[in-house]
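Geometric and topological summary
One letter stands for each residue in the lines below.
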Amino acid sequence: MQTLLQSAPSRPEQLAEILDLSLAMLDLARAGDWEGLEAREAERRGLVLECFREPAATAEAAAVADALQRILVVNQEITELAEAHRTTLGASLQAFGTARKAQKAYGQHL
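What you see is a predicted model, and the numbers here were worked out from it, not measured in a lab.

Criteria and thresholds
Residues numbered from 1 in each chain as written. Predicted model: local features only at pLDDT ≥ 70, side-chain atom pairs only at ≥ 80, totals over all residues. Heavy atoms only, no water. Helix = DSSP H or I, 4+ residues; strand = E, 2+ residues; numbered from the N terminus. Buried < 20%, exposed > 50% of the residue type's maximum accessible area, 1.4 Å probe, protein only. Contact = heavy atoms within 4.5 Å. Areas by Shrake-Rupley, 256 points an atom, 1.4 Å probe, with all protein chains shown as cover. Axes fitted to C-alpha atoms, helices over the stretch in contact; angles between N-to-C directions. Parallel < 35°, antiparallel > 145°, perpendicular 65-115°, else oblique. Left-handed = near helix turned anticlockwise from the far one by under 90°. Core = buried A, V, L, I, M, F, W, Y, C linked by side-chain atoms within 4.5 Å. Salt bridge = Lys/Arg side-chain N within 4 Å of Asp/Glu carboxyl O. Patch = residues over 30% accessible without salt bridge, like charges linked within 9 Å, V, L, I, M, F, W, Y side chains within 5 Å.

Before going further, it helps to spend a moment on the overall build of the protein. Of the regular secondary structure elements, the protein holds three helices and zero strands. Along its sequence from the N terminus, the protein presents helices and strands in the succession α-α-α. With 110 residues in all, the protein has 18% of them scored as buried. Taking the contacts inside the protein whose residues are at least 6 apart along the sequence as the reference set, 73% of them involve residues at least 24 apart. Carbon together with sulfur atoms contributes 58% to the accessible area of the protein, which is approximately 8,500 Å² in total.

This is how it looks when you write it as structure tokens:
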């Protein structure tokens, strides 16, 4: 019986996986699936920690910088979507609070 040893993924492979997860997170943010996004973010955080456990070699610097720039662009869009959702949610909660106060005041005057 032959056993195959799996080697750790290379840094470019790890960065590609991190970018893929970031794009999946962006899709989840666009769909409003914030719980799914949170789960993927935790998964991505682990990959990032693993990827940068050791410093990048000088020969990898340009490729690493390029990959990180692409990841940061995706992250910025996720952040913008999350902030817009938070603003909408805050407005909804505020409207709900106002409605509750009105209902309470109306009930007192009956």
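That was the structure; now back to the text.
This brings us to the packing of helix H1 (residues 11–31) against helix H2 (residues 34–51). Remark: H1 packs on H2, axes separated minimally by 9 Å, with the N-to-C direction vectors making an angle of 165°. Between H1 and H2, the angle is such that the two are roughly antiparallel. Regarding H1 and H2, the two cross each other, and that crossing is left-handed. Along its contact with H1, which presents Arg11, Gln14, Leu15, Glu17, Ile18, Leu21, Ser22, Ala24, Met25, Leu28 and Ala29, the element H2 presents Trp34, Gly36, Leu37, Arg40, Glu41, Glu43, Arg44, Leu47, Val48, Glu50 and Cys51.

Before going further, it helps to spend a moment on the nonpolar core. In this structure, Leu15, Ile18, Leu37, Val74 and Ile78 are the most contacted members of the largest nonpolar core, which totals 14 residues. Elements with a minimum of two residues in this core: H1, H2 and helix H3 (61–108). When residues in this core are grouped by element, the largest group, seven residues, is from H1. Not counting residues within four places of it along the chain, the set of residues in contact with leucine 15 comprises Cys51, Phe52, Val64, Ala67, Leu68 and Ile71.

Under the criterion given, the structure shown has six salt bridges. Arginine 45 serves as the salt-bridge partner of glutamate 41, at 2.3 Å between the closest nitrogen and oxygen. Taken as a pair, glutamate 41 and arginine 45 lie in helix H2 at a separation of four residues, close to a single helical turn. On the basis of relative accessibility, which here comes to 44%, the residue arginine 45 falls in the partly exposed class. Close ionic contact of arginine 53 with glutamate 50 constitutes a salt bridge, the shortest N to O distance being 2.7 Å. You can call arginine 53 exposed: its relative accessible area is 58%. Each of Asp27, Arg30 and Glu77 takes part in salt bridges that share partners, so that together they form one network.

Quick look at a nonpolar patch on the surface now. Taken together, the side chains of Val48, Phe52 and Leu68 define a hydrophobic patch exposed on the protein surface, amounting to about 200 Å² of accessible area. By the element assignment, leucine 68 lies in helix H3. Using a relative accessible area of 32% as the deciding quantity, one classes leucine 68 as partly exposed.

Let us now look at the side chain of glutamine 14. With respect to the helices and strands, the residue glutamine 14 is situated in helix H1. Glutamine 14 gets classed as buried once you look at its relative accessible area, which sits at 11%. Beyond its immediate chain neighbours, meaning those up to four positions away, glutamine 14 contacts Pro9, Glu50 and Cys51.

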